[in-house]
Amino acid sequence: MPNANFKVWRGDAKGGAFKDYSTDVSEGMVVLDAIHKIQADSANDLACRWNCKAGKCGSCSAEINGKPKLMCMTRMADLPLDRPITVEPMKTFPLIKDLVTDVSWNYAVKKTIKGFAPRKPDAPDGTWRMQQDDIERPQEFRKCIECFLCQDVCHVLRDHHLHDKFIGPRFLIYTAQLEMNPLDTGDRVPDLKHEHGIGFCNITKCCTKVCPEEITITDNAIIPLKERVVDRMYDPLTKLLRVLKG
Amino acid sequence: MPEFETLEHDVLVIGAGGAGLRAAIEAAAAGVRVGLVCKSLLGKAHTVMAEGGIAAALANVDERDSWKVHFADTMRGGQYVNNWRMAELHAKEAPDRVRELEAWGALFDRTKDGKILQRNFGGHRYPRLAHVGDRTGLELIRTLQDHGIHQGIDVHMEWTVVSLLKDGERIAGVFAYSRERGQFKVFRAKAVILATGGIGRAYKITSNSWEGTGDGHTLAYDAGAELIDMEFVQFHPTGMVWPPSVRGILVTEGVRGEGGVLRNKDGKRFMFDDIPENYRSQTADNEEEGWRYTQGDKNARRPPELLTRDHVARCINREVKAGRGSPHGGVFLDISWIKEKLPNAQEHIKKKLPSMYHQFKKLADLDITKEPMEIGPTTHYVMGGVRVDADSQMSRVPGLFAAGECAAGINGANRLGGNSLSDLLVFGRRAGEYAAKFAQSAKNPTLDQQQLESAARAALAPFDRPTDGGGPFQIQYELQEMMQDLVGIVRREDELVRAVEGVQRLQKRAAAVGVSGNREYNPGWHTALDLHNLLTVSEAIGRAAIERKESRGGHFRDDFPDKDPQYATFNTVLARAPDGSMKLRREPLIPMPPELKQVIEEMK
Ligand SMILES: Cc1cc2nc3c(=O)[nH]c(=O)nc-3n(C[C@H](O)[C@H](O)[C@H](O)COP(=O)(O)OP(=O)(O)OC[C@H]3O[C@@H](n4cnc5c(N)ncnc54)[C@H](O)[C@@H]3O)c2cc1C
Ligand code: SF4
Ligand code: SF4
Ligand code: FES
């Protein structure tokens, strides 16, 4: 059986360092398996999050050889084994321990976004009718597994630390999904500009590149939202009409 | 005397899967103070992994469907040892619970006329599962989560409850530790709802996440509640078998619902060989008819691949044992063959089963639109659980409720696919409603300092013990191997007896296990504390399986391969005796009212 060497970040908020480990590699093995093996054999207290082991829950986010990824969907066979594989926690969030970060900021951000507000049911049976074509787009955004890898990679958060001014790509698609739900009557456009900092995004598309669900975050969500903001906020005619309509 | 930080709630919910979230939302709507504690982050509970759909007789695709048909299907699937009242409430209320999700923002796949689309699933007579591709659990949990965060629920993520607190007979709250930091907290509550999910981690090959360690089952049992039907464990017929690292990961039944077929190594559709008598009139007798059924032909009968899970799992087991399996010890599940029937099959498969496509492509290097998958049975779901009142979901401990997978009754000997997600919604809501009512008329419980101290002592004990006797992970692996070998799909008296003895030996070792490191996010420590739960549910499964000397639903005895009418009259009930030992008794089934009996007759 081939062998793989790892450098795994061990430490907490006070500090830490990479530590060397090695494991056997069996067919089909993913990085999360290796971490579990290390945990069971030689480092019982090595901290990492996981749940589904199938790319469905978004718990096992980490940076593998410097790239934000899900550990459970990163196969050892796809990594070069001639040098050590580095595994470290996401950098955009405060470290708790080893590979586990404090992502509570994301949960707080979501609460600031106005919830779903459907129009009154209008089908005879007291529900609604919706066509599949009209929900394809919001369904794409609802595939999000909240792994926060897009938040991790976005420079506005990662390098500029504008966590209090910008909600990040995950919550832009969350907003987009609500805005594009055919039943929704809420209006989140003013908040997008004033509270949620959509203007900070300069469409680098880094978020789209890392999304394990392959959601087209920028083209399908952020750009259309930006257009809505521009249409509403800067178009004098629309503005005037709104004022007149009250 | 140690002081513990104490929080106050009227209703405390343990678990943030579908059942826990739905319960918390309902209790909050009643105006009481609600707390929610869960081991993972919000939105990551096991429910997120559910794939195929939610069963509800909306009759959007086939107008012949109704609660009566759903009720009869559920009872037939459970081999008539279900709690009929739960099956009735479930069938009647599930449609409203699904529509409610839409009102909270869920976007289900649609029919041509714009209604919620429904798909075929094993044991359901008509297309009944509301779904979103094959990621229905994600849609369900996210909808409840996003709705729930605006309802004033006090959420505590990454806290593990290690014991229930009592004030005399009644519940008084819970004792928990923080996974992140290791400190303790006491949650005083007038009512507690267990919504902790399943037990799959007691087995080696399982579709369950690390969370499925039977915590709620054990917390309830330790606090004096009863467990029923523990012999009934569901082995899902289709888990991945190759590569080894993904063994057990689920392959949704939706694959078969969309026309996927099972073949042995000789290419034979072996499911046609063995169709149980009570399903014969509903099952296709040729391949063509089966295909037409999956494509919505209302005059066709279902293909035998869509028989109930217990049966399909056993047939696969038989093929493998007879040497007719696939190279890695499973059989073949093929959806790619539908290209013979559909012009755009490749796109169709990707659209209907996107996450299966992704899962096999990424984890097994296999394109399911081109090649058959290799699959085999995996431990999936536990029908057994906390014995509760059908209407209120309260256990025999006043103020202690249970809902979702950790509660029992609705499924009898075997659960139909899709009936869990609907169960979570129907009975989560009921538990929330009745727990709030209970809390509104209950006095504030008194906490007993001694109970707190002994809970804290027990939780910290592993740090004071030597770490040389094999770590917690090793004990867990041994248990999983043993349960897999001796208490799996096919059972025998002598093996079951050996398993129960084995569990008792492991209990001794678990009580002496030591851990290293400190209290911050320490998986070794967490696993050491989980062992008690895993061992308790394993003992319960073993004892109940010994008692039921017949084969029924998920419980198959090689030494008693037939159903025995004698055993159709009771459920097995386990409770803790005063000396701490596990005691089993038989509880006669509650007689079914004539109008429901008639429904079953009509649907035969
Ligand atoms: C891969 C897969 C696919 C499935 N597909 C379907 C399907 O298509 N249709 C269907 O109907 N069913 C399906 N099922 C079954 C269904 O998903 C589960 O039965 C259901 O989700 C269980 O929900 P629950 O709310 O009872 O518990 P869970 O979702 O398991 O949640 C349990 C919660 O309890 C918490 N918890 C547990 N112990 C403690 C403790 N000690 N302290 C604090 N918190 C605790 C956990 O953190 C978690 O939040 C599937 C299951 C799997 C594994
Ligand atoms: S496109 Fe915008 S949101 Fe995405 S990473 Fe770049 S700046 Fe961040
Ligand atoms: S949008 Fe993609 S990358 Fe971002 S949190 Fe969701 S799944 Fe993860
Ligand atoms: S463990 Fe769920 S996404 Fe990796």
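What this report covers is the structure whose coordinates are included nearby. Each chain has its residues counted from 1, following the order in which its sequence is written. Ligands are numbered from 1 and chains lettered from A, in the order in which they are written. Only residues with pLDDT of 70 or above have their local features reported here, since the model is predicted, and side-chain atom pairs are shown and tallied only from 80 upward, although totals for entire chains, interfaces and linings are computed over all residues. Just so you know, side-chain values use all the structure's heavy atoms and leave hydrogens and water out.

Remarks on the overall build of chain B
Then, in step 1: Of regular secondary structure, chain B possesses 16 helices and 21 strands.
Then, in step 2: Two things to know: the radius of gyration comes from C-alpha atoms, and the globule rule equals 2.2 Å times the number of residues to the power 0.38. For 604 residues, the compact-globule formula gives about 25 Å, and the C-alpha radius of gyration of chain B, at 23 Å, lands near that figure.
Then, in step 3: Seen along its three principal axes, the alpha-carbon backbone of chain B occupies a region of about 75 × 50 × 50 Å.
Then, in step 4: Within the span of chain B, comprising 604 residues, buried residues form 68% of the whole.
Then, in step 5: The contact criterion used is simple: two residues touch if any of their non-hydrogen atoms lie within 4.5 Å. Taking the contacts inside chain B whose residues are at least 6 apart along the sequence as the reference set, 74% of them involve residues at least 24 apart.
Then, in step 6: For the purpose of charge, His is not counted, nor are the chain termini; Lys and Arg are scored as positive and Asp and Glu as negative. Here the site of a charge means atom NZ of a Lys, CZ of an Arg, CG of an Asp or CD of a Glu. A gap of 1 Å separates the mean positions of the 80 positive and 82 negative side-chain charges of chain B. A run of H or I in DSSP becomes a helix once it reaches four residues, and a run of E becomes a strand once it reaches two; helices and strands are each numbered from the N terminus. Exposure classes here rest on a 1.4 Å probe applied to the protein chains alone. A residue is buried below 20% of its type maximum, exposed above 50%, and partly exposed in between.

Here we look at the sheet that holds strand 17 (residues 407-408) of chain B
Then, in step 1: For two strands to be treated as a pair, DSSP must find at least two bridges joining them. Spatially, the 5 strands line up as an open sheet ordered 17-15-10-20-21 (chain B), and their pairing is mixed. Each end of this open sheet is capped by a strand with a single partner; those strands are strand 17 and strand 21 (582-588) of chain B.

Some details on the environment of Phe116 of chain A
Residues and elements named next belong to chain A.
Then, in step 1: Tracing the backbone shows Phe116 in the loop between helix 2 (104-111) and helix 3 (132-141).
Then, in step 2: Owing to a relative accessible area of 18%, Phe116 belongs among the buried residues under this scheme.
Then, in step 3: As a C-alpha pair, Phe116 and Asp184 span 68 residues in sequence and 6.2 Å in three-dimensional space.

A word on the site of ligand 1
Residue and element names in this part refer to chain B.
Then, in step 1: Close to ligand 1 lie 38 residues; Thr47, Gly52, Glu211, Asp215 and Leu421 are nearest.
Then, in step 2: Measuring from a nitrogen atom of ligand 1, one finds a side-chain N or O atom of Arg415 at 3.4 Å.
Then, in step 3: Pairs of N or O atoms are called polar contacts if they sit within 3.5 Å, as long as, within protein, a hydrogen donor faces a hydrogen acceptor (for residues adjacent in sequence, only side-chain-to-side-chain pairs). Between Leu421 and ligand 1, the recorded distance is 2.8 Å, taken from a backbone N or O atom to an oxygen atom.
Then, in step 4: For the accessible areas, the method is Shrake-Rupley and the probe is 1.4 Å, while residue cover comes only from the protein chains on display. Contact with the protein chains removes 98% of the 1,000 Å² of surface that ligand 1 exposes when unbound.
Then, in step 5: Looking at the shell around ligand 1, the elements that each hand over two or more residues are helix 1 (18-29), strand 2 (34-38), strand 7 (159-167), strand 14 (373-382) and helix 11 (419-440).
Then, in step 6: Among the elements that take part in the shell around ligand 1, helix 11 stands out by supplying 4 residues, more than any other. Here a residue is near a molecule or strand as soon as one of its heavy atoms is found within 4 Å of it.

A few points about the side chain of Thr160 of chain B
Residues and elements named next belong to chain B.
Then, in step 1: Structurally, Thr160 can be placed in strand 7.
Then, in step 2: Accessibility expressed as a relative area gives 2% for Thr160, which makes it buried.
Then, in step 3: If near-sequence neighbours (up to four positions away) are discounted, Thr160 is found in contact with Lys39, Phe175, Ala176, Tyr177, Arg179 and Asp215.

Observations concerning the side chain of Asn208 of chain B
All names here are of chain B.
Then, in step 1: Among the secondary structure elements, Asn208 is positioned in the loop between strand 9 (184-194) and helix 5 (215-222).
Then, in step 2: Reaching out from Asn208, the side chain makes a polar contact with the backbone nitrogen of Gly200 at a distance of 3.0 Å.
Then, in step 3: In terms of polar contacts, Asn208 uses its side chain to reach the side chain of Ser207, at 3.3 Å.
Then, in step 4: If we ignore the near neighbours within four places in the chain, the residues touching Asn208 are His46, Gly198, Ile199, Gly200, Arg201, Thr379 and His380.

Some details on the interface of chain B and chain A
Then, in step 1: The partner chain A presents 60 residues to the 64 residues of chain B that form the contact.
Then, in step 2: Counting the surface lost from both chain B and chain A, the interface buries some 5,100 Å², and carbon and sulfur atoms represent 52% of this.
Then, in step 3: Summed over the three residues of chain B that lose the most area to chain A, namely Lys44, Leu107 and Tyr521 of chain B, the buried surface amounts to 13% of that side.
Then, in step 4: The term salt bridge refers to a side-chain nitrogen of Lys or Arg lying within 4 Å of a carboxyl oxygen of Asp or Glu. One can count 8 salt bridges joining chain B with chain A.
Then, in step 5: Between Arg75 of chain A and Asp365 of chain B there is a salt bridge; the shortest N-O distance is 3.1 Å. Each of two parts loses accessible area, computed with a 1.4 Å probe, when they are put together; buried area is these two losses added.

Observations concerning the sheet that holds strand 4 (residues 118-119) of chain B
Then, in step 1: Taken in spatial order, the 3 strands of this open sheet run 3-5-4 (chain B), and their pairing is antiparallel. Only two strands of the sheet have a single partner each, and these edge strands are strand 3 (54-55) and strand 4 of chain B.

Things to note about a positive patch on the surface
Then, in step 1: The patches reported here contain residues having more than 30% relative accessible area and no salt bridge. Joining distances are 9 Å for like charges and 5 Å for nonpolar side chains (Val, Leu, Ile, Met, Phe, Trp, Tyr). On the surface, Lys67, Lys69 and Arg83 of chain A together with Lys362 of chain B cluster together into a patch of positive charge.
Then, in step 2: For Lys67 of chain A, the position within the fold is in strand 4 (residues 67-70).
Then, in step 3: Judged by relative accessible area, Lys67 of chain A falls into the exposed class, the value being 52%.

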